[in-house]
Amino acid sequence: LGTPLQTNLSEEDENLLQASKDRLATLAQEVVPQAQSRASSLTLQKQKFELDVKQINEQLEQLLGGKKGNAHDGEEGEEIDEEDILELEQAVKEANALFERGAEELKTAQKSLSEAKQQWAAAKQELEQLKQEDENLAKALEEANEKAERLLNKRSMCISKRETYTRKIQELGSLPPPSELEKFADKTISELMKMLESVNKKLKKYSHVNKKAFDQFVNFSEQREALLKRKDELDQGASKVKELIDSLDRQKDEAINRTFRGVSSHFRDVFKELVPNGAGELIMRTAMDEDEANTDEEESTRSPKKADPNNPDVSLYRGIGIKVRFSAVGENYMMSQLSGGQKALVALALIFSIQRCDPAPFYMFDELDQALDSTYRAAVANLIQRQANDKENPTQFIVTTFRPELVAVSNRCYGVSHQNKVSSIHALSKKDALRFVADLMNEEEAVGDVTSMAASKTSRTTASRKRKSAEPVPAAEDEG
């Protein structure tokens, strides 16, 4: 009901049914019409042969009758032409032979037609049987579908009852073990109902007790086990994460210490190249240095964390200091104790040491030698020249300067001019660049001399005014 009818014929039966249908159609369309057409043709041919034989017989009788009449009339004793008689007899024999062959072919065709009709009847009967079987199977399938639908309805009702009884069992609470249930296996339903009623009366005395406490305990115990298992998994994950963090911290500390040691080593070398008689070093200030400067009471309040003085923890680093000296003997100076030119030289040494530790493709400096004297300018120029032509890490330097030392070691020189608020760049030869720098330095020296003379004159005038305020005004010729 409501489901499509399907046949239950096997594939072999379906093939047989289809073959029978095809055979029946072939017989109906080809064999039977051909047999009927062949029989009709043979019947016509038989009739034609019979007519020919009849005509020949009539001609023979007429011929024989005419000959006999002529013999009885007493005409001249002409005898019957034996050759004509023989020809007629031969024609009669041939006609009879043809008639017999036609009769045999007709019988054969009638027999084939009969066999074809029998085969057609047998195929038709087989088709009827298969149709009957198909109808029977369709009826059986319909009955099976109805039965299956009834079973599905019954199954739905059973599932509904099972859910209802399961809910009622859950409402009753926890069930006793199967070993205790076996005690009541022999009881009838009425006896069980009486026992249940008696037990319910006894349970009413304990109505204030939570009946679901045991179930809740079981549920909470299961949740507790699950949470403890989850806690163990999280603890293991946390330990793995902590190990990873510690490993990364170690790698970070090693990278920082390795970089600092590399930069410090290059700083000593570079500073030695810039100041042959001097020395310089980078110092890492750590918390241990601060601890040494504090009192014992302050040390007791600090974290008890210890560190290796040779390879301290990065978390203890507090900064980087620089100590240098510009002579073979003498004390070391910190950056705050150096002049402007010395600070510039130390800064350049630090830049070049970092460059050697992590080379860059090119550097751009803007008047890096402005605060340096001629000796240090020459040292910086020679250092830049060596670094630019280094075989392992050659580097390009772009520098602006007004001093001849860097111009002398440069490969290409360009001049920048400013006119009408427009800047222009011009390629210069090294000779022209050196002449331009020399002229500029001469102008600066001339301006410096004028400035110094003006400053000295101003100082003398100021001193004279101070004396005048303290003494009587001299004569006019003494002024000036």
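What counts, and at which threshold
- Residues numbered from 1 in each chain as written.
- Predicted model: local features only at pLDDT ≥ 70, side-chain atom pairs only at ≥ 80, totals over all residues.
- Heavy atoms only, no water.
- Helix = DSSP H or I, 4+ residues; strand = E, 2+ residues; numbered from the N terminus.
- Buried < 20%, exposed > 50% of the residue type's maximum accessible area, 1.4 Å probe, protein only.
- Areas by Shrake-Rupley, 256 points an atom, 1.4 Å probe, with all protein chains shown as cover.
- Patch = residues over 30% accessible without salt bridge, like charges linked within 9 Å, V, L, I, M, F, W, Y side chains within 5 Å.
- Salt bridge = Lys/Arg side-chain N within 4 Å of Asp/Glu carboxyl O.
- pLDDT = per-residue confidence, 0-100.
- Contact = heavy atoms within 4.5 Å.
- Core = buried A, V, L, I, M, F, W, Y, C linked by side-chain atoms within 4.5 Å.
- Pairing = 2+ DSSP bridges.
- Phe/Tyr/Trp six-rings, centres within 6.5 Å; stacked < 30°, edge-to-face > 60°.
- Axes fitted to C-alpha atoms, helices over the stretch in contact; angles between N-to-C directions.
- Parallel < 35°, antiparallel > 145°, perpendicular 65-115°, else oblique.
- Nonpolar A, V, L, I, M, F, W, Y, C, P; charged D, E, K, R; others polar.
- Lys, Arg positive; Asp, Glu negative; His and termini not counted.
- Charge placed at Lys NZ, Arg CZ, Asp CG, Glu CD.

Account for the overall build of the chain, naming residues and giving values.
Across its full length, the chain holds 11 helices and six strands. Each of the 480 residues in the chain was classed as buried or not, and the buried ones make up 18%. For the chain, the exposed area adds up to about 36800 Å²; of that, 53% sits on carbon and sulfur atoms.

Provide a residue-level description of a nonpolar patch on the surface, including the pertinent values.
Taken together, V199, L203, Y206 and V209 make up a surface patch of nonpolar side chains, about 370 Å² in accessible area. With respect to the helices, strands and loops of the structure, Y206 is situated in the loop between α4 (189–203) and α5 (213–274).

Would you mind going over the confidence of the model for the chain in detail, with residue names and values included?
Taken over all residues, the pLDDT of the chain has a mean of 77, while the share at 70 or more is 78%. Taken as a whole, residues 299–306 scores under 50 in pLDDT and shows eight contacts with residues more than four places along the chain or in a different chain. In this model, residues 461–480 is a region of pLDDT below 50 whose contacts with residues beyond four sequence positions or in other chains number three contacts.

Kindly report on the nonpolar core, identifying the contributing residues and their values.
Ranked by internal contacts, the top residues of the largest apolar core, which has 32 residues, are L274 and F326. Every element with two or more residues in this core is listed here: α5, β1 (279–286), β2 (317–325), α8 (340–357), β3 (362–366) and α9 (374–388). Setting aside chain neighbours within four positions, we find F326 in contact with F271, V275, G278, L338, Q342, L345, V346 and Y376. By size, the runner-up hydrophobic cluster in this structure holds five residues, among which are L24, A123, L127 and L130.

Residue-level account of the pairing of β1, with values.
Across the two faces of β1 the burial differs, with G280, L282, M284 and T286 buried and A279, E281, I283 and R285 not buried at all. The pairing of β1 with β2 spans eight bridges and is antiparallel. Within β2, the position partnered with G280 by the bridge is V324.

Could you give me a rundown of the packing of aromatic side chains, with the residues and numbers involved?
For any pair of aromatic rings, the description rests on two quantities: the centre-to-centre distance and the angle between the ring planes. Scanning the model with the defined rule gives eight aromatic pairs in all. Ring centres 5.6 Å apart and planes at 65 degrees place the aromatic pair F271 and F326 in the edge-to-face group. Here the residue F271 occupies a position in helix α5, and F326 occupies one in the loop between β2 and α8, the gap between them amounting to 55 residues. With a relative accessible area of 0%, F271 lands in the buried category. With relative accessibility at 17%, the residue F326 sits in the buried group. Taking the centre distance of 6.0 Å and the plane angle of 50 degrees together, the rings of F352 and F365 count as tilted. Here the residue F352 occupies a position in helix α8, and F365 occupies one in strand β3, the gap between them amounting to 13 residues. Pair check on accessibility: F352 and F365 agree, each one buried. Grouped by ring-pair contacts, the aromatic residues F267, F271, F326 and Y376 constitute a single cluster.

Give a description of the packing of α5 against α9 that names residues and reports values.
Two numbers describe a pair of packed helices, the interaxial angle and the distance between the axes. In the contact formed by α5 and α9, the axes pass within 9 Å of each other and the chain directions differ by 125 degrees. Classified by the interaxial angle, the pair formed by α5 and α9 is oblique. Between α5, through V270, E273 and L274, and α9, the contact on the second element is made entirely by Y376, A379, V380, L383 and R386. Of the residues assigned to the contact of α5 with α9, the class counts are six nonpolar, no polar and two charged.

Go over a negative patch on the surface, please, and point to the residues and values.
On the surface, E11, E12, D13, E14, E128, E133, D134 and E135 cluster together to form a negatively charged patch. Breaking the negative patch down by element, the ones donating at least two residues are α1 (11–72) and α2 (82–172). For E11, the location among the structural elements is in helix α1.

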